[in-house]
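Here is what each chain is made of, one letter per residue.
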Amino acid sequence: MSTSRPAGSVVRRLQIGFFVSAALLAGLVAAVIEWSLLDTLDQEDRLLIDGVAGELAARRSLGQLEPNERSLQVVPLAWCVLGADGQVRLRSPSFAELDDLPWPAPAQGPVELDRGDRVWLARTVSLPRSHERLLVALDRSVEMQLMWRHRMIVLAAVVFGAAAALWIGRALAQAGLRPLRRIAEAAAEIGPGDAAMRLDSSEFPSELQEVVGRLNAALERLHRSAMALDAAASDIAHELRTPLNLLRLRLENLGLQQPLPPDAAGALGAALEDIDAMAQILEHLLFLARIEHGRGEARPVAVDAGSELRKVGQFFAAAAEEADVTLDVTAADVTIQADPALLQRALHNLTANALRYAPAGSTVSLSVQRDGDTAVLAVDDAGPGLPQAVLERLGERFVRSEPSRERATGGSGLGLAIAARVAEVHQGRLSARVGPGGHVELRLPVAGPQPGW
Amino acid sequence: MFRLLIVEDEPATAAELAAGLTRAGYHTTLAHSGEDALLTVLAQSFDAVVLDVMLPGFSGFEVVRAMRERGCGVPVLFLSALGAVADRVRGLQEGGDDYLVKPFAQSELQARIAALLRRGHPNPASAPTVVQVGDLTWDPQQQRVMRAGKRLDLTPNELTLLALLLEHRGQVVTRSQIARSVWQLEFEPPGNTIDVQVRRLRTKVDDPYEKKLIHTRRGFGYVIEDL
C-alpha cells in the first residue's frame, strides 16, 4: 500500500502462470515421447540391420548373393562386399552414393551416416572365411519423415493446449477472485455508523475464511474504538464543560456582586465572551463526534426545503442589510425527508460563510432546485469562492479559506464540516465549486429508503 | 420568597449557583448527592429543583423518576454537561420540566426558573397588558410599539425580538435565548448575526432618541431598561 502503483493484475499473473505451466508440462511430455519413440526406432533398426547383415553374410558364404537380391528388397537397403584388397567384389545398385562415406570398423556396431538428403544406419561385418568385408546400410529417411510429422502434430497440440490454458486460467482466476469482490462490496457498505456490522463467514470459501476472519476482527477493533471515542466524547463534554461552567459562574458572580471599575468590567465581559467561544467550539466538536457515530441526533420528518430556506433568509436579513448585501431566496416546491434542526444548522453555516466573503453591493442567493431524485440546496455568493486547497479537504475539521485564525472573518473552521456531516446523515452530500464566486450546495435525496439513523 | 433546591455534587459550583440565585431573590437549599436530594425534596416543600444530571449514587434522572413515583410534582430543571438531543429528550421523558446545558449564563438559568415557577403558579394578572419602559410602550394585543408618542415601524421579527427583551425588562437576555425564542433555533447561530439583529433594532428604537433603552452587557447579553 506504500506505493501508488498497483502490483499488477492477479488475473493476468494467474493466467500467465497457467499458460507457462501448461506449455512446460506439454512440452516435457512431448519431449519424453519423442525421445522414447526415437530410442525404440533405433533399437528396432539395430536389430534389423544385424539380422539383415547376418542374412547377407550367410548368402555370401554360400555364394548365393546377387546384386539385385530380391528377397531383401522389402527393406530399403544398400550393401557392398569388399575383398581383402579393398576392391569392390559385389554390390547392390543403390550403394553407389555411399561409396565415399566413413564406414565404421566391424567391431564398432551400427553407426548413423548422414548424406544430407538421406540418413543411413550402417554396419560393417567381417566375413572371416573369405577375408572379405560386408558393408550394409539401412535407409532411415522415411522413418525420419514420419518422426518429423509426429513432431509437428505434437507441437501444434502443445501450442493449442497452452492457448487453451491461457483462456481457462483467466476464467478460473476470475471465478476464484469473485468472493474477494463480494468482500470488497460488503466492506464498501460499512459506514461510520455501522461499525457493528460483520461479514458472514459461511458465505465464503475456506481459503478466504482467514481474510474474512481478520476483516471481522478489524471491524471489531474499529467498533470498540468507535465506542471508546463515543464514551470519550461524553467524558470530554463532562470534564471540560463542568470547569468551564464553574469559571463562568465565578466570573458572572464577580461582575454582579459589586460594580467594577470600567476597565475590569470590560475585561470580565471579554473573558465571558472567550468562555462562550470556547464552549461553542466544544459544542461543535461534540456535535461532530456524535453525528459521525450516527448517534440519535437526526429525527427526520417531511420538510419543505423552500420554507426552510426562507427561514434562513429571514434570520440573516439584518446581517445582509448591514453588510450591504442583497439576500435572495429562490425556492422551488421540494419536499425532503430531513431533521429540520440539523438542516437549519447546516444552512446557517453555509449562509454565514457566504455573507462573510460577499463583497458590499453584491448578492448572496439561497436556492433549492430539484435534480431528479435529489434536492439541491445551494448558497451562492460573489466572493472569491473556496480555494482549491479547501475544496480538496471539504468537510474536514478546522479547514479555513485563509490560514489566519482570525475569528472575526475565519469562523471556527467547523461550519463546513458540520454541514458535510449533516448532509451525510441524510444520505446526501456537501459539494462546492472552485471560485471565483462561492458556490456550495447540499445535495439531499428527495425521497427514498428510510436511512439508518 | 420562592424556595429552590439546588442539587450539585461539585461544592464550588453549588456555592456559586446558590450565591447567584440568592442574589436574584430566591431562598436556596443545597444537596450534594442523589440520595440527599431525594430525602430533602420529599421532606420539605420547594417551588422548584435545579438538578445536576451526573451525580454520585443516584443520577439526576433517577432522582426525578423516584420523585414522580412518590407523587412529588415539584418542577425540575436539569443542568447537564451532556448536550445531545437524545440526552435532553431523556431528561424530559424521565419527568424533568426543562434542560439547560453547561456552561450557561445565570440570566438564562433565572429566566428558565422563572418560567417554571409561572407554569407552577398560573397568575391570571399576567395576561397581556401594555408594557412601558421609559417613554416606550408596547401593546401586545395590538402588536403596537410607541416611543415618545410616535409609532415605531418594526418588522415582525424585530417586534418579536423587542417583545422578548420587554418581557424580561430589567433582566439580561442572552444570545442563545434570542436564538431560541425569536428563531426557534436549538443551536448557537454562527457569527455575530444576533448582535447585528439587536443593532438593527436599536437603529429604530434608540438611535433617533436621546435616551437609550437597550443596553449591551458585554459577556452577559442585552437588557432593556430605563436607567
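Data block above holds the structure.
The sections below set out a description of the structure shown in this document.

### Considerations on the overall build of chain B
Here's step 1: The secondary structure content of chain B amounts to eight helices and 11 strands.
Here's step 2: At a minimum sequence separation of 6, the contacts of chain B that also span at least 24 residues come to 55%.
Here's step 3: Accessible surface, chain B: about 10,100 Å² in total, of which carbon and sulfur atoms supply 51%.

### Side note on the environment of Leu286(A)
Residues and elements named next belong to chain A.
Here's step 1: Position of Leu286 among the secondary structure elements: in helix 4 (residues 262-292).
Here's step 2: Taking relative accessible area as the criterion, Leu286 reaches 6% and is therefore assigned buried.
Here's step 3: Sequence-wise, Leu286 and Ala237 are 49 residues apart; in three dimensions their C-alpha atoms are separated by 7.2 Å.

### As for the interface of chain B and chain A
Here's step 1: In this assembly, 39 residues from chain B lie in contact with 41 residues from chain A.
Here's step 2: Both sides of the chain B and chain A interface together cover about 3,800 Å² of buried area, and 59% of this is carbon and sulfur.
Here's step 3: With a shortest N-O distance of 3.9 Å, Arg200(B) and Glu322(A) are connected by a salt bridge.
Here's step 4: Where chain B meets chain A, there are 15 residue pairs in polar contact (both at pLDDT 80 or more).

### Here's the deal with the side chain of Arg248(A)
Here's step 1: By the secondary structure assignment, Arg248(A) is in helix 3 (residues 209-257).
Here's step 2: Those residues in contact with Arg248(A) that lie beyond four places of it in its chain are Leu272(A), Ile275(A), Asp276(A), Pro103(B), Phe104(B), Ala105(B) and Gly219(B).

### Overview of a nonpolar patch on the surface
All names here are of chain A.
Here's step 1: A surface patch of nonpolar side chains, amounting to about 580 Å² of accessible area, comprises Val10, Leu14, Phe18, Trp167, Ile168 and Leu172.
Here's step 2: Looking at the nonpolar patch, the elements with two or more residues in it are helix 1 (10-61) and helix 2 (141-188).
Here's step 3: Take Trp167: it is sitting in helix 2.
Here's step 4: Overall, Trp167 belongs to the exposed group, its relative accessible area being 64%.

### A few points about the nonpolar core
Here's step 1: Residues Ile336(A), Leu377(A), Leu442(A), Ile178(B) and Ile224(B) are the most contacted members of the largest nonpolar core, which totals 81 residues.
Here's step 2: With residues near it in sequence (within four places) discarded, Ile336(A) still touches Val301(A), Ala302(A), Val303(A), Ala305(A), Leu343(A), Ala375(A), Leu444(A), Pro445(A) and Val446(A).
Here's step 3: Listed in part, the 35 residues of the second largest apolar core include Ile275(A), Cys72(B), Val74(B) and Phe220(B).

The rules we used
- Residues numbered from 1 in each chain as written.
- Chains lettered and ligands numbered in written order.
- Predicted model: local features only at pLDDT ≥ 70, side-chain atom pairs only at ≥ 80, totals over all residues.
- Heavy atoms only, no water.
- Helix = DSSP H or I, 4+ residues; strand = E, 2+ residues; numbered from the N terminus.
- Contact = heavy atoms within 4.5 Å.
- Areas by Shrake-Rupley, 256 points an atom, 1.4 Å probe, with all protein chains shown as cover.
- Buried < 20%, exposed > 50% of the residue type's maximum accessible area, 1.4 Å probe, protein only.
- Buried area = accessible area lost by both parts, 1.4 Å probe.
- Salt bridge = Lys/Arg side-chain N within 4 Å of Asp/Glu carboxyl O.
- Polar contact = N/O pair within 3.5 Å; in protein donor to acceptor, adjacent residues only side chain to side chain.
- Patch = residues over 30% accessible without salt bridge, like charges linked within 9 Å, V, L, I, M, F, W, Y side chains within 5 Å.
- Core = buried A, V, L, I, M, F, W, Y, C linked by side-chain atoms within 4.5 Å.

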